[in-house]
Amino acid sequence: MSKPLLLIDTDPGVDDALAILMAHAHADIVALSVAAGNVGLAHTVRNARTLRDLLGATFPVFPGCATPLVRTPDEDAAFVHGVDGLGDVGFPEPKAAAEGEAAALALLRLTRELPGQLTLVALAPLTNLALALRLDPTLPQRVKRLVVMGGAVTGHGNTGKVPAEFNVGFDPEAAHVVFEAFPAFDLVDWEATLRHGFDDAEFDDWIAAGDHRARFFEQVFRTARDYNATHDRNGVVAADALAMAVAIDPSIVVRSETRAVAVELDGRLTRGATVVDWAKRLGRPAQARIVLEVDQARFAAMVRKAVGAA
């Protein structure tokens, strides 16, 4: 079976890093389009280039939006990922430069060049995708699948806004644009991430058995791991890795619900919340396949291979 072709929109980010290692191990990466989110755009673009060097890869890196579409964000995630987004390890300047083409334009061009062939994996705030959609609303017709890491479908978010998840909460208007535009997509939310963590000791065994990718990830993950240990996040929690597993192999999903999902834009306490029509009361098209459970053993095997411990 041929490997899936992945177009990855990302804001690296420690969990993005693991997801990109997985993508390289199990699929073909066509390009990375990069947004601000976990940390500022200068850092996320540099981190994407660092990951490309680590993998000895040649896929292009396209810088995207440095800010959300409308409002200045209330927070980033440097307190989890480190100021530079990769645990403040201090990696050397990456070898190859980023591309000159803007991410939104690259998303449109690549889907035109490879219509119906690309799985679009959205691991970042959805700013780049929203801008691309505003430029060309026919984009969804050319995408084979869209997998979004974002949201908190029963309001157990991870931001200062209680119900909101970080990617959607960072740029709610962008998420609104994307959720309204795509007639079908897979949604891997924060709550699913918490249900699919890895045991610390088991994960340490994978790192010890791995190669240079494992050593890299061990370094960058220290800051996030320390944060998780003091904030009721049991085990190794890797949101973007879970979304990447679903993107690479949709059959890994063993339980899901397809429902209409929208984004709250105006609430004083709820801005950025993902609102799910669980009871199908609103008569809106059910566009989001909400991933509730995956085959954990297969997910673990995908991560092990990504760090060279398979």
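For the structure, see preceding data.
Keep in mind the model is a prediction, meaning the values are calculated, not measured. (Residues numbered from 1 in each chain as written. Predicted model: local features only at pLDDT ≥ 70, side-chain atom pairs only at ≥ 80, totals over all residues. Heavy atoms only, no water.)

A separate point is the side chain of Arg 145. Counting through the fold element by element, Arg 145 comes out in strand 5 (residues 143–149). Judged by relative accessible area, which is 19%, Arg 145 ranks as buried. Polar side-chain contacts of Arg 145 include one of 3.1 Å to the backbone oxygen of Val 246. Polar contacts involving the side chain of Arg 145 include one to the main-chain carbonyl oxygen of Ala 247, which spans 2.9 Å. (Helix = DSSP H or I, 4+ residues; strand = E, 2+ residues; numbered from the N terminus. Buried < 20%, exposed > 50% of the residue type's maximum accessible area, 1.4 Å probe, protein only. Polar contact = N/O pair within 3.5 Å; in protein donor to acceptor, adjacent residues only side chain to side chain.)

Looking now at the pattern of salt bridges. Side chains bearing opposite charge may pair, as long as their charged atoms lie close to each other. In the structure shown here, the tally under the stated rule is 16 salt bridges. Notably, a salt bridge pairs Asp 186 with Arg 145, separated by 2.7 Å at the nearest N-O pair. On the criterion of sequence distance, the pair formed by Asp 186 in strand 6 (residues 185–188) and Arg 145 in strand 5 is long-range, its members being 41 residues apart. Each member of the pair, Asp 186 together with Arg 145, is buried. Across the salt bridge formed by Arg 225 and Asp 200, the nearest N and O atoms sit 3.0 Å from each other. Of the two residues, Arg 225 sits in helix 11 (residues 212–229) while Asp 200 sits in helix 10 (residues 200–209), which places them 25 residues apart along the sequence. Judged by its relative accessible area of 22%, Arg 225 falls in the partly exposed class. Assessed through its relative accessible area of 33%, Asp 200 is described here as partly exposed. (Salt bridge = Lys/Arg side-chain N within 4 Å of Asp/Glu carboxyl O.)

Attention shifts here to the packing of aromatic side chains. Under the criterion given, the structure shown has 9 aromatic pairs. Seen in terms of ring centroids, Phe 217 and Phe 221 are 5.0 Å apart; in terms of plane orientation they differ by 20°. Their pairing is stacked. In this pair, Phe 217 and Phe 221 both sit in helix 11, 4 residues apart, roughly one turn of the helix. Under the relative-accessibility criterion, Phe 221 is labelled buried at 6%. An aromatic cluster is built from Phe 198, Phe 203, Trp 206, Phe 217, Phe 221 and Phe 299, whose rings are joined through pairwise contacts. (Phe/Tyr/Trp six-rings, centres within 6.5 Å; stacked < 30°, edge-to-face > 60°.)

Grouped together as the largest cluster of nonpolar side chains are 69 residues, with contacts concentrated most on Ile 8, Met 22, Phe 203, Met 244 and Phe 299. Leu 110, Val 168, Val 178 and Leu 187 belong to the second-largest nonpolar core, a separate cluster that totals 38 residues. (Core = buried A, V, L, I, M, F, W, Y, C linked by side-chain atoms within 4.5 Å.)

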